[in-house]
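# Fold and contact review
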Amino acid sequence: MSEMMQKISAGLERSFAARGFAEPSVVALRDAAGVSLRTLYKYTPSRGDMVLAALEYRHQRYLTHVFDDLPTPPDHALDAILSRLEDWMNTEATHGCLFHAAVAADPGNSELRALLTRHKTEVAQRASAACQLPEPVLFVLIEGLIQAWPLQKDLAVDAARRLAKGLRRSQA
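Residues numbered from 1 in each chain as written. Predicted model: local features only at pLDDT ≥ 70, side-chain atom pairs only at ≥ 80, totals over all residues. Heavy atoms only, no water.

### Observations concerning the overall build of the protein chain
Within the protein chain, the secondary structure is distributed over nine helices and zero strands. At 17 Å, the protein chain has a C-alpha radius of gyration in line with the 16 Å of a compact globule built from 172 residues. Viewed in the frame of its principal axes, the protein chain has a C-alpha envelope of about 60 × 30 × 25 Å. Counting only residues that meet the buried cut, the protein chain has 42% of its 172 residues in that class. Within the protein chain, counting contacts between residues at least 6 apart in sequence, those at least 24 apart form 62% of the total. (Helix = DSSP H or I, 4+ residues; strand = E, 2+ residues; numbered from the N terminus. Rg over C-alpha atoms; globule rule 2.2 N^0.38 Å. Buried < 20%, exposed > 50% of the residue type's maximum accessible area, 1.4 Å probe, protein only. Contact = heavy atoms within 4.5 Å.)

### Looking at the environment of Ser128
With respect to the element layout, Ser128 can be found in helix H7 (residues 110-131). C-alpha separation for the pair Ser128 and Ile146, spaced 18 residues apart in sequence, amounts to 17 Å. Once you skip the residues sitting within four places of it in the chain, Ser128 turns out to touch Leu133, Pro134, Glu135 and Leu138.

### Things to note about the packing of helix H4 (residues 47-67) against helix H6 (residues 98-105)
For the pair H4 and H6, the least separation of the axes is 10 Å and the interaxial angle reads 160 degrees. By the angle between their axes, H4 is roughly antiparallel relative to H6. For the crossing formed where H4 meets H6, the hand is left-handed. Between H4 and H6, the contacting residues are Val51, Leu55, Arg58 and His59 on the first element and Leu98, Phe99 and Ala102 on the second. Residues that form the contact of H4 with H6 fall into these classes: five nonpolar, one polar and one charged. (Axes fitted to C-alpha atoms, helices over the stretch in contact; angles between N-to-C directions. Parallel < 35°, antiparallel > 145°, perpendicular 65-115°, else oblique. Left-handed = near helix turned anticlockwise from the far one by under 90°. Nonpolar A, V, L, I, M, F, W, Y, C, P; charged D, E, K, R; others polar.)

### Quick notes on the packing of helix H5 (residues 74-91) against helix H8 (residues 135-152)
Running from amino to carboxyl end, H5 crosses H8 at an angle of 25 degrees, the nearest separation of the two axes being 11 Å. On the basis of their axis angle, the class for H5 and H8 is roughly parallel. Along this stretch, H5 crosses H8, giving a crossing that reads as right-handed. Contacts from Leu78, Leu82, Leu85, Met89 and Asn90 in H5 reach Leu138, Leu141, Ile142, Leu145, Ile146 and Trp149 in H8. Here the residues of the contact of H5 with H8 sort into 10 nonpolar, one polar and no charged.

The structure is reproduced here in structure tokens:
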């Protein structure tokens with residue numbers, strides 16, 4: 001991703017995360033990206049492209065935040081992942097998953113649905129590899145935490161930690 005595309009994508013991500021997908025006008029998105037309207041359209045020719053660029057950028061940031069430099073013992077990796085998810089939700093996803101919100105805003109968009117699927121699959125695969133637990137189990141644990149977070153906050157994280165502890169015991 002070019003430096004200009006990163007700048008635009010970062011601004012778009014911030015705007016969509018703060019204001020949703022329906023509200024921001026193209027002028028507001030241009031302002032958030034910090035570029036001219038011509039430059040915005042050069043790199044993202046449609047609103048759909050703007051959403052996809054923002055989510056691709058978020059996908060990479062999320063993977064870096066959650067999975068870079070994890071401890072190697074699987075039980076420590078799972079604890080680290082849950083702590084990093086808690087941090088992410090506190091700072092980046094206070095209203096829930098931006099990928100799900102994008103699909104909810106445009107349910108017929110196959111590109112958004114494919115990006116959501118790719119994002120969630122990659123998260124589960126990386127978590128499974130790091131924690132040496134079955135991918136579907138980690139998918140449900142992580143998604144359950146993310147979906148419960150907006151309503152339950154710390155209670156959701158505590159429940160995920162208790163479930164993770166039980167998972168580790170059952171695998172021993």
